[in-house]
Amino acid sequence: MKIGTKEFDVKNKTYVMGILNVTPDSFSDGGRWNNLDAALKHTQQMILEGADIIDVGGESTRPGHVQVSEMQELERTIPVIEKIRENFDIPISIDTYKSKVADEAVRAGADLVNDIWGLKYDAALAGVIADSGAACCLMHNRSQLQEHPYQDFMEDMLSDLRDTLELAEKAGIAQDKVILDPGIGFAKTVENNLEAIRCLERLHQLGCPVLLGTSRKSVVGLTLDLPAGERLEGTLVTTVFAVMKRCAFVRVHDVKENVRAIRMAEAILKIG
């Protein structure tokens, strides 16, 4: 799979997407990187630690978050994307579900659109992605879980993701540009989240590379009864599961530790 100018061996390796939140209210690192110098320094550090993609986000999507305007999101993300593109040779992802933000971000240098709504929030987004030729990561989510509860969780999630893939195909997004994300922490109970991680291999039947994003999330915190700043070990366990289940990407805050966990897990599997 090609993202930007880089080729990714999505069948045989697990790559690291480093999280760069340029927001004041992210659940785990809000405000730490939301000025340009700090964002660039953190980007450089993640690259040195082994990040393969940098995911820039200008709106927190934590539970109970307040939606920001397109303009505010653009003001936060576009200067950062431009500076990363100027200074570093690494694929850049824009974490947004809004078509205008995605369009401007790609023009500024983003290579991938990371959409937490799987093309189901903004009807124009699929066309923006298709026209740009950018790769995309499309996540499973539901807006009306109370009205439409799961009957068979994994089957329902796969069905929802098939709907997302149909939207992508109709818009003209090439299948080799699509990554799928099970959406850990979104419209799911703790039990649903654990089942999604345990059954990750089932997503391969949809024919796209899989990204797992669990870093510091509530499924780790609630399982281990820990605050966001103490969830590294739990996150690393899920990363090892991602390698074992042949996920192509993990999206994480703690790049160095996750890169090491991946290398160790890959070495064990290779010997086996």
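Residues numbered from 1 in each chain as written. Predicted model: local features only at pLDDT ≥ 70, side-chain atom pairs only at ≥ 80, totals over all residues. Heavy atoms only, no water.

**Q** How should I be thinking about the overall build of the protein in this particular structure?
**A** Assigned secondary structure in the protein consists of nine helices and ten strands. Computed over its C-alpha atoms, the radius of gyration of the protein comes to 17 Å, within 12% of the 19 Å expected for a compact globule of 272 residues. For the protein, the spread of C-alpha atoms along the three principal axes comes to 40 × 40 × 35 Å. Here the protein, with 272 residues, has 56% of them falling under the buried criterion. Relative to all contacts within the protein whose residues are 6 or more apart in sequence, the contacts with residues 24 or more apart total 70%. As displayed, the protein has an accessible area near 12,300 Å², and 50% of this comes from carbon and sulfur atoms. (Helix = DSSP H or I, 4+ residues; strand = E, 2+ residues; numbered from the N terminus. Rg over C-alpha atoms; globule rule 2.2 N^0.38 Å. Buried < 20%, exposed > 50% of the residue type's maximum accessible area, 1.4 Å probe, protein only. Contact = heavy atoms within 4.5 Å. Areas by Shrake-Rupley, 256 points an atom, 1.4 Å probe, with all protein chains shown as cover.)

**Q** Please clarify how the nonpolar core should be interpreted in this entry.
**A** Side chains that are nonpolar tend, in soluble globular proteins, to be buried together. In this structure, Leu20, Val56, Ile84 and Ile173 are the most contacted members of the largest nonpolar core, which totals 67 residues. Per element, the largest residue contribution to this core is seven residues, and it comes from helix H5 (residues 153-171). Counting 14 residues, the second-largest nonpolar core is a separate cluster that includes Phe8, Met17, Leu112 and Leu211. (Core = buried A, V, L, I, M, F, W, Y, C linked by side-chain atoms within 4.5 Å.)

**Q** I tried to follow the pattern of salt bridges on my own but got confused; where do I start?
**A** Pairing between side chains of opposite charge can happen when the charged atoms of each approach one another. In the structure shown here, the tally under the stated rule is 14 salt bridges. Where glutamate 86 meets lysine 83, a salt bridge forms, and the shortest distance between an N and an O atom there is 3.5 Å. Separated by three residues within a single helix, glutamate 86 and lysine 83 lie in helix H2 (residues 70-87), roughly one turn from each other. For glutamate 86, a relative accessible area of 57% puts it in the exposed group. A residue is classified by how much of its surface remains accessible, and lysine 83, at 32% relative accessible area, is partly exposed. In this structure, lysine 245 engages glutamate 201 in a salt bridge whose closest nitrogen and oxygen atoms are separated by 2.9 Å. Of this pair, lysine 245 sits in the loop between helix H8 (232-244) and strand S10 (249-252) while glutamate 201 sits in the loop between helix H6 (190-198) and strand S9 (211-212); the two residues are 44 residues apart in sequence, bridging distant segments of the chain. Given the relative accessible area of 36%, glutamate 201 is considered partly exposed. Several salt bridges share partner residues, and in doing so they unite Asp55, Asp95 and Arg251 into one network. (Salt bridge = Lys/Arg side-chain N within 4 Å of Asp/Glu carboxyl O.)

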